[in-house]
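# Fold and contact review
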Amino acid sequence: MESGKIDLLYHYDAAGRLLIRKDNYGSTVQLLYADVMRPDRLTHIYNFTSHTLTSLLYDERGFLMAMDIGMETQSHLTHSARYSVI
């Protein structure tokens, strides 16, 4: 492998939604679509490397307005009170 080169692998479901992104450095991210009323809306991102779950929050018009970044503790995931306003 060339120095600085990143190889990416993407997995999609039958609906064409991106589900998993892996790279050659061992980073794996899973994308979740948990809104039954809008099945194409990305709602969560799970990072297997850092063991964090990020929830995406939308306003009533469907615009992304904030991200709730969960933080890992030694034995379980807890949600932080931090929001990144978009």
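These notes cover the structure that comes with them. (Residues numbered from 1 in each chain as written. Predicted model: local features only at pLDDT ≥ 70, side-chain atom pairs only at ≥ 80, totals over all residues. Heavy atoms only, no water.)

### Digging into the overall build of the protein chain
Put simply, the rule is: Secondary structure elements follow DSSP: runs of H or I no shorter than four residues count as helices, runs of E no shorter than two count as strands, and numbering proceeds from the N terminus. Buried residues are those whose accessible area, probed at 1.4 Å on protein chains only, stays under 20% of the maximum for their type, while exposed residues exceed 50% and partly exposed ones sit between those limits. The contact criterion used throughout is that any non-hydrogen atoms of two residues lie within 4.5 Å. Each accessible area is a Shrake-Rupley result for a 1.4 Å probe, and residues are judged covered by the shown protein chains and nothing else.
Across its full length, the protein chain holds 0 helices and 7 strands. Start at the N end of the protein chain and walk to the C end: the helices and strands fall as β-β-β-β-β-β-β. Split into buried and exposed, the 86 residues of the protein chain put 24% on the buried side. For the protein chain, long-range pairs separated by at least 24 residues make up 5% of all intrachain contacts whose partners lie at least 6 apart in sequence. For the protein chain, the accessible surface area stands at approximately 6300 Å², while carbon and sulfur atoms represent 58% of it.

### Points about the pattern of salt bridges
Rules: Here, a salt bridge means any side-chain nitrogen of Lys or Arg that lies within 4 Å of a carboxyl oxygen of Asp or Glu.
Overall, the coordinates contain 5 salt bridges when judged by the stated rule. Ionic pairing is found between D59 and R61, a salt bridge with its closest N-O pair at 2.9 Å.

### Examining the pairing of strand β4 (residues 44-47)
Heads up, the condition is: We treat two strands as partners when DSSP finds at least two bridges between them.
Alignment of strand β3 (residues 28-32) against β4, held across 4 bridges, turns out to be antiparallel. Of the residues in β4, the one forming a bridge with L32 is H44. Sheet topology note: the β4/strand β5 (residues 52-58) ladder contains 4 bridges and is antiparallel. Opposite N47, over in β5, you have T52 as the bridge partner. Counting the residues that bridge the hairpin from β4 to β5 gives 4 residues, and of these H51 lies at a positive phi of roughly 60°.

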